[in-house]
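Here is what each chain is made of, one letter per residue.
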Amino acid sequence: MNDIMQIVMNRDPDEKEFHQAVHEVAESVKPVLEQHPEYRQARIMERIVEPERVIMFRVPWEDDQGEVRVNRGFRIEMNSAIGPYKGGLRFHPSVNLSILKFLAFEQVFKNALTTLPMGGGKGGSDFDPKGKSDAEVMRFCQSFMLELARHIGPDTDVPAGDIGVGAREIGFLFGMYKRIRNEFTGVLTGKSLGWGGSLIRPEATGYGAVYFAAEMLSTRHETLAGKTCLVSGSGNVAQYTCEKLIELGAKAVTLSDSSGYIYDEEGIDSSKLDFVMQLKNVRRGRIREYAEKYPQAIYKEVSLADDFNPLWDHPADCAFPSATQNEINGKDAQNLVNNGVYVISEGANMPSTPDAIDIFLDAGILYGLGKAANAGGVAVSGLEMSQNSQRLSWSREEVDGYLHRIMKSIHSTSLEAAERYGSPGNYVVGANCAGFVKVANAMLDQGLV
Ligand code: NDP
């Protein structure tokens, strides 16, 4: 484990998010490596931390004033042992190689947990869609795809959305791919319903995180009904997390964006959630406007650079971090535990720092890490790929049924692996070990490639 960390840190000393992700997996899979000398001999760990391919490219585009702009585009093709590379595209100014490598690395194990045949990848750009016109976003997406199209394909690498890449961006990207290749295929997921998208794909990550929380609670013979929940973010994952919480009788009391958060003690009901969806998806406004519309709610400005985030400092039962990586630090974790939170289901990728995870595990609360809890999104992306191949569309009930079964299976697989590898009830060990074993076995079978 020390050797692995040394290799990774020597090779890419500045990639701290990637180091963090590798460290968590390497720690978790120690018992697997002890029981399986064949993995050590085949240097599976050394191979799994090195992307199969990294693509970086210039993305020139013209803004509405006719000025030339230049961004950087990336695609990390991390591991294809169990299927074509699969993972989202993120458009956010913070995007760099470290963040995308951490996301691609996580994706490999997450995809393995879904039981669907998908390898792991991730990509994106440091382009910021915020404040850009639709025409600017379109020109950027077209320029981005002009290069990306050389590297992806329905049987090679199938990107989807992530932060900053929603239905609008997927539409522009797909249109350009189709024009370049002259083919209509399932090369991207998260497509709109009228042209190859799947029902439940927009809802899948949020719904899945709530299903995962329900499964964790069921181990204590409890349900989500009546539970008070803290939710961060106000994008795709946060919105559908709230929607499912409302449906199951729970009460979400917070939402946020990168400027601040709102706390509504009365709860965010369906009509307030409709307002948020309109605000964020159509008007592309800020969450502050929630408190202007519903004055009983409070709004506070927050920055990720602050010592702690007051969003995590309210009395509640459950927390659904659904914004970004490292949004819960050690102090936030302590606040959560002190406030009575005993269920964490991560919609975001790696939202908890290592300190925070230690606090959750020491406190013995139900901690569902992102790799397991937010796998519903990519699972339904996998189902979108199946529907595209069959040229069929499944019903809402059918897809939601699959999603629910997959989340239950990820939960039970993680619990069983945690037990088998000596850490009963520890979803971190369980999910990492189960995902790792599946990928490692495929790599062994396929030889040294
Ligand atoms: P969206 O772009 O739809 O929403 C992201 C939300 O998080 C926005 O409210 C955004 O605020 C906020 N946010 C983004 N960056 C920061 C930051 N640095 N500090 C504080 N807030 C921030 O993205 P998604 O909802 O799709 O993704 C949210 C998380 O879920 C990400 O971690 C993503 O990787 C993960 N995820 C998403 C999946 C999917 O299917 N979409 C699948 C699995 C995981 P603002 O509006 O100000 O930018």
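Structure first, text after, so check above.
Structural notes, computed from the coordinates. Given the structure is predicted, the values throughout are model-derived calculations rather than measurements. (Residues numbered from 1 in each chain as written. Predicted model: local features only at pLDDT ≥ 70, side-chain atom pairs only at ≥ 80, totals over all residues. Heavy atoms only, no water.)

So, the site of the ligand
As a reminder of what qualifies: To be near a molecule or strand, a residue needs just one of its heavy atoms within 4 Å of it. Polar contact criterion, stated in full: a pair of N or O atoms within 3.5 Å, where within protein one must be able to donate a hydrogen and the other to accept it, and residues adjacent in sequence count only if both atoms are side-chain atoms. Each accessible area is a Shrake-Rupley estimate made with a 1.4 Å probe; only the visible protein chains count as cover when residues are assessed. Under the convention adopted here, Pro, Cys and the residues Ala, Val, Leu, Ile, Met, Phe, Trp and Tyr are nonpolar, Asp, Glu, Lys and Arg are charged, and Gly plus all remaining residues are polar.
Within the structure, the ligand sits among 26 residues, and Asp 162, Thr 205, Ser 258, Arg 286 and Asn 349 are positioned closest to it. Contacts to the ligand include Asp 162, whose side-chain N or O atom sits 2.6 Å from an oxygen atom. The protein chains hide 86% of the 890 Å² of surface that the ligand would expose on its own. For the shell around the ligand, the class distribution of residues is 5 nonpolar, 14 polar and 7 charged.

A closer look at the pairing of strand 9 (residues 260-263)
Here is the rule we go by: Classification of residues uses two cut-offs on accessible area relative to the type maximum, computed with a 1.4 Å probe and protein chains only: under 20% is buried, over 50% is exposed, and between them is partly exposed. Segments assigned H or I by DSSP are reported as helices when at least four residues long, segments assigned E as strands when at least two residues long, and all are numbered from the N terminus. DSSP bridges decide pairing: two strands pair if at least two such bridges lie between them.
In strand 9, alternate side chains face the same way, and those of Gly 260 and Ile 262 on one face and Tyr 261 and Tyr 263 on the other are all buried. Note that strand 9 and strand 10 (residues 298-301) share 4 bridges and pair antiparallel. Paired with Tyr 263 across the two strands is Ile 298, which belongs to strand 10.

Observations regarding the packing of helix 13 (residues 330-338) against helix 14 (residues 354-363)
Selection rule: For helices, the fitted line uses only the C-alpha atoms of the stretch in contact; every axis is such a line through C-alpha atoms, and the angle between N-to-C directions lies from 0 to 180 degrees. Note on angle classes: values under 35 degrees are labelled roughly parallel, values over 145 roughly antiparallel, values of 65 to 115 roughly perpendicular, and the remainder oblique. Should the near helix be turned counterclockwise from the far one by less than a right angle, the crossing is left-handed, whereas a clockwise turn marks it as right-handed. Contact definition: two residues touch when any of their heavy atoms are within 4.5 Å.
Interaxial distance between helix 13 and helix 14 falls to 7 Å at its minimum, and their mutual angle equals 25°. The orientation of helix 13 with respect to helix 14, classified from their angle, is roughly parallel. For helix 13 against helix 14, the interelement crossing comes out right-handed. Contacts between helix 13 and helix 14 pair Gly 330, Ala 333, Gln 334, Leu 336 and Val 337 from the former with Asp 355, Ala 356, Ile 359, Phe 360 and Ala 363 from the latter. For the contact of helix 13 with helix 14, a count of residues per class yields 7 nonpolar, 2 polar and 1 charged.

Description of the nonpolar core
Quick note on the threshold: Side-chain atoms within 4.5 Å link the members of a nonpolar core, which is a set of buried Ala, Val, Leu, Ile, Met, Phe, Trp, Tyr and Cys residues.
Judged by nonpolar contacts, the single largest core of 119 residues is most densely connected at Ile 48, Phe 105 and Phe 436. Sort the elements by how many residues they give to this core and helix 18 (residues 427-445) lands first, with 12 residues. The residues touching Phe 436, leaving out its near neighbours within four places in the chain, are Val 29, Val 32, Leu 33, Tyr 39, Ile 44, Met 45, Ile 48 and Phe 109. Formed by 23 residues, the second largest nonpolar core is a distinct cluster that contains Ile 152, Leu 173, Met 176 and Leu 188.

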